[in-house]
Amino acid sequence: MKKNRVLLLIISVIVLVLEILPCGAVCNFANPDEEPIKTTYSYFDLTPFGYANFGPFITAILTCILVILSIVYLLNLNKNFTRIMSIISGVSVLSSILPIMYGASYISVVGVIITILLVSYFLVIVSTNKVK
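Basis of the calculations
- Residues numbered from 1 in each chain as written.
- Predicted model: local features only at pLDDT ≥ 70, side-chain atom pairs only at ≥ 80, totals over all residues.
- Heavy atoms only, no water.
- Disulfide = S-S within 2.5 Å.
- Buried < 20%, exposed > 50% of the residue type's maximum accessible area, 1.4 Å probe, protein only.
- Axes fitted to C-alpha atoms, helices over the stretch in contact; angles between N-to-C directions.
- Helix = DSSP H or I, 4+ residues; strand = E, 2+ residues; numbered from the N terminus.
- Parallel < 35°, antiparallel > 145°, perpendicular 65-115°, else oblique.
- Left-handed = near helix turned anticlockwise from the far one by under 90°.
- Contact = heavy atoms within 4.5 Å.
- Nonpolar A, V, L, I, M, F, W, Y, C, P; charged D, E, K, R; others polar.
- Phe/Tyr/Trp six-rings, centres within 6.5 Å; stacked < 30°, edge-to-face > 60°.
- Lys NZ or Arg CZ within 6 Å of the ring centre and 35° of its normal.
- pLDDT = per-residue confidence, 0-100.
- Polar contact = N/O pair within 3.5 Å; in protein donor to acceptor, adjacent residues only side chain to side chain.

## Focus on the state of the cysteines
So, point 1. In this structure the tally under the stated criterion is 0 disulfides.
So, point 2. Note on Cys23: no disulfide assigned, nearest cysteine sulfur contributed by Cys27 at a separation of 14 Å.
So, point 3. Take Cys23: its relative accessible area is 30%, and that puts it in the partly exposed class.
So, point 4. Summary of cysteine pairing: Cys64 is not part of a disulfide, and the nearest cysteine sulfur, belonging to Cys23, is at 17 Å.
So, point 5. Its relative accessible area of 26% is what places Cys64 among the partly exposed residues.

## Describing the packing of helix H1 (residues 2-20) against helix H3 (residues 55-74)
So, point 1. One can describe the packing of H1 onto H3 by two numbers: an axis separation of 9 Å at closest approach and a directional angle of 150°. One finds that H1 runs roughly antiparallel with respect to H3. Crossing angle aside, the handedness with which H1 passes H3 is left-handed. Mapping the contact onto sequence places Lys2, Arg5, Val6, Leu8, Leu9, Ser12, Val13, Val15, Leu16 and Glu19 in H1 and Thr59, Ala60, Thr63, Cys64, Leu66, Val67, Ser70, Ile71, Tyr73 and Leu74 in H3.
So, point 2. Residue composition of the contact of H1 with H3, by class: 13 nonpolar, 4 polar and 3 charged.

## Considerations on the packing of aromatic side chains
So, point 1. Summed over the entire model, instances satisfying the criterion amount to 4 aromatic pairs.
So, point 2. Here the aromatic rings of Tyr102 and Tyr106 are separated by 5.4 Å at their centres, their planes lie at 45°, and the arrangement is tilted.
So, point 3. The cationic tip of Arg5 hangs over the ring face of Tyr73; the distance from NZ or CZ to the ring centre is 4.2 Å.

## With respect to the environment of Asn129
So, point 1. Of note, Asn129 is situated in helix H5 (residues 109-131).
So, point 2. Placed 30 residues apart in sequence, Asn129 and Pro99 show a C-alpha to C-alpha distance of 29 Å.
So, point 3. Sequence-distant contacts of Asn129, defined by excluding residues within four places in its chain, comprise Thr82, Arg83 and Ser86.

## Some remarks on the confidence of the model for the protein
Should pLDDT be low for a region, the predicted coordinates there are not to be read in detail.
So, point 1. The predicted model of the protein has a mean per-residue pLDDT of 90, with 95% of residues at 70 or higher.
So, point 2. Of all the helices and strands in the protein, strand E1 (residues 25-29) carries the lowest mean pLDDT, 90, while H3 carries the highest, 94.

## Structural notes on unusual backbone geometry
So, point 1. Phi is positive for Ala52, close to 70°, though the residue is something other than glycine.
So, point 2. Relative to the elements of secondary structure, Ala52 occurs in the loop between helix H2 (46-50) and H3.

## What to know about the environment of Gly111
So, point 1. Counting through the fold element by element, Gly111 comes out in helix H5.
So, point 2. Judged by its relative accessible area of 8%, Gly111 falls in the buried class.
So, point 3. C-alpha separation for the pair Gly111 and Ser96, spaced 15 residues apart in sequence, amounts to 7.5 Å.

## Observations regarding the side chain of Asn28
So, point 1. With respect to the helices and strands, Asn28 occurs in strand E1.
So, point 2. Within the structure, Asn28 has its side chain in polar contact with the side chain of Ser105 (distance 2.8 Å).
So, point 3. Look past the residues within four positions of Asn28 in its chain and what remains in contact with it is Pro36, Ile37, Lys38, Ser105 and Tyr106.

Next comes the structure, spelled out in structure tokens:
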């Protein structure tokens, strides 16, 4: 049980670090002469949010909440966080796959890794809920 708590904190911190890197969120800008210009941003950058790519910024905010909840859950300050953590992690998974609706060019390798880690976080917390 304690291993799951540590694992949840490790996954959430890794996701947070990956979201800080400036290669997660993607925006494609029109270029009349050639192919669109593909630029990448941090998940915390508001530029993609301003260009209607809402998923990365929402995912970043939810990940910050998950890190805080994981720390509280690890320190045993409140054991009833598992249901809240599973809901927030599920919503963060959904928001992390939002750029797919714009097309495959709006997805980066870092974004895929973030989504995979958030899915693993969700699976660990759901399995923790079922153990209780």
